[in-house]
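# Fold and geometry: a report
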Amino acid sequence: MVADSLIDEIQDLNLSYLLLVQRLLRKDRATAIFRLKLSDEMANLLAGLSGKQLMQLARTNQLICRPGFEDAGQLTRVLNNSREPGLARLHASLLMVSADQSAGRAGNAER
């Protein structure tokens with residue numbers, strides 16, 4: 001019973017995420033792609049999903065979104081940031097961008 005409840009919550013979160021992605025892409029595509037870390041191809045695909053396709057994708061029992069901070073050290077630095085609130089948000093954004101660039105270089109090195 002608890003597992004069913006958790007799966008329902010995951011599916012609700014998936015649907016909320018997909019609807020948010022579509023709304024952000026419609027409002028400001030370039031910013032959405034940057035903030036959501038999407039490729040142009042993925043943005044096109046997600047923006048073009050029908051309601052039926054959204055529901056089908058949301059019904060999986062796995063989360064389809066992931067945290068922007070994949071390194072615990074980055075998240076710790078953001079949480080323990082003693083900067084002014086405005087600078088803290090900027091610092092968090094810079095850390096996320098640098099993580100993307102580091103991951104891209106690591107992926108290219110593996111090829």
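About the criteria used
- Residues numbered from 1 in each chain as written.
- Predicted model: local features only at pLDDT ≥ 70, side-chain atom pairs only at ≥ 80, totals over all residues.
- Heavy atoms only, no water.
- Helix = DSSP H or I, 4+ residues; strand = E, 2+ residues; numbered from the N terminus.
- Contact = heavy atoms within 4.5 Å.
- Axes fitted to C-alpha atoms, helices over the stretch in contact; angles between N-to-C directions.
- Parallel < 35°, antiparallel > 145°, perpendicular 65-115°, else oblique.
- Nonpolar A, V, L, I, M, F, W, Y, C, P; charged D, E, K, R; others polar.
- Patch = residues over 30% accessible without salt bridge, like charges linked within 9 Å, V, L, I, M, F, W, Y side chains within 5 Å.
- Areas by Shrake-Rupley, 256 points an atom, 1.4 Å probe, with all protein chains shown as cover.
- Salt bridge = Lys/Arg side-chain N within 4 Å of Asp/Glu carboxyl O.
- Buried < 20%, exposed > 50% of the residue type's maximum accessible area, 1.4 Å probe, protein only.
- Left-handed = near helix turned anticlockwise from the far one by under 90°.

All right, on to the overall build of the protein then. Looking only at helices and strands, one finds six helices and zero strands in the protein. In the protein, 58% of the contacts between residues at least 6 apart in sequence involve partners at least 24 apart.

This brings us to the packing of helix 1 (residues 2-27) against helix 3 (residues 40-47). The N-to-C vectors of helix 1 and helix 3 enclose an angle of 110°; their axes lie 9 Å apart at closest approach. Considering the angle they form, helix 1 stands roughly perpendicular to helix 3. Across the interface between the two elements, Leu18, Val21, Gln22 and Leu25 from helix 1 touch Ala43, Leu46 and Ala47 from helix 3. Looking at the contact of helix 1 with helix 3 residue by residue, the class counts come to six nonpolar, one polar and no charged.

Here Leu45 is to be found in helix 3. Here the alpha-carbon distance between Leu45 and Gln22, two residues 23 residues apart in the chain, equals 10.0 Å.

A surface patch of nonpolar side chains, amounting to about 290 Å² of accessible area, comprises Leu87, Leu90 and Leu94. Inspection of the secondary structure puts Leu94 in helix 6 (residues 85-110).

Let's shift gears to the side chain of Asn14. The residue Asn14 is located in helix 1 in this model. For Asn14, a relative accessible area of 0% corresponds to the buried category. When neighbours within four sequence positions are excluded, Asn14 is seen to be in contact with Ala58, Thr60, Gln62, Leu63 and Ile64.

This part covers the packing of helix 1 against helix 4 (residues 51-58). Viewed as axis vectors pointing N to C, helix 1 and helix 4 meet at an angle of 140°, and their least axial separation amounts to 8 Å. For the element pair helix 1 / helix 4, the angle class is oblique. Judged by the twist between their axes, the crossing of helix 1 over helix 4 is right-handed. Across the interface between the two elements, Gln11, Asn14, Leu15, Leu18, Leu19 and Gln22 from helix 1 touch Leu54, Met55, Leu57 and Ala58 from helix 4. Grouping the amino acids of the contact of helix 1 with helix 4 by side-chain chemistry returns seven nonpolar, three polar and no charged.

Worth remembering: the numbers are spatial, not functional.
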